[in-house]
Amino acid sequence: MKTYQQFSEDIEQRRQELRQRQKDQMQKFKEKSRSSADAQRERAADAEDRRRLKDEIKRELKSEK
């Protein structure tokens, strides 16, 4: 049979594990959010590059006419 001390130690160990799990989950969330934001910025930059290229091609075609 477990003693009061053993129960107390088990509870404390579970609390520590829970804190560590929460920290790990928060870190994963932050990394995921950061990578998502980076990907969104990259897509926006690519779209801007395509728009500029498209405008440049249109200007060149107009100047050739």
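Provided above is the structure to which this section pertains.
Residues numbered from 1 in each chain as written. Predicted model: local features only at pLDDT ≥ 70, side-chain atom pairs only at ≥ 80, totals over all residues. Heavy atoms only, no water.

Caption draft 1: Region of interest: a nonpolar patch on the surface. A contiguous nonpolar surface patch, about 270 Å² in accessible area, is contributed by Leu-53, Ile-57 and Leu-61. Among the secondary structure elements, Ile-57 is positioned in helix α1 (residues 4-64). Judged by relative accessible area, Ile-57 falls into the partly exposed class, the value being 42%. (Patch = residues over 30% accessible without salt bridge, like charges linked within 9 Å, V, L, I, M, F, W, Y side chains within 5 Å. Areas by Shrake-Rupley, 256 points an atom, 1.4 Å probe, with all protein chains shown as cover. Salt bridge = Lys/Arg side-chain N within 4 Å of Asp/Glu carboxyl O. Helix = DSSP H or I, 4+ residues; strand = E, 2+ residues; numbered from the N terminus. Buried < 20%, exposed > 50% of the residue type's maximum accessible area, 1.4 Å probe, protein only.)

Caption draft 2: Summary view of the pattern of salt bridges. Inspection of every chain in the model, using the stated rule, returns five salt bridges. Between Arg-19 and Glu-12 there is a salt bridge, and its shortest N-O distance comes to 4.0 Å. Residue Arg-19 is classed as partly exposed on the basis of its relative accessible area, which comes to 44%. What makes Glu-12 partly exposed here is its relative accessible area of 32%. With a shortest N-O distance of 2.5 Å, Arg-51 and Glu-48 are connected by a salt bridge. Note that Arg-51 and Glu-48 are positioned in helix α1 at a spacing of three residues, about one turn of the helix. What makes Arg-51 partly exposed here is its relative accessible area of 42%. One network of salt bridges, in which partners are shared, links Glu-48, Arg-51, Arg-52 and Asp-55.

Such coordinate-based values are descriptive only and should not be taken to indicate function.
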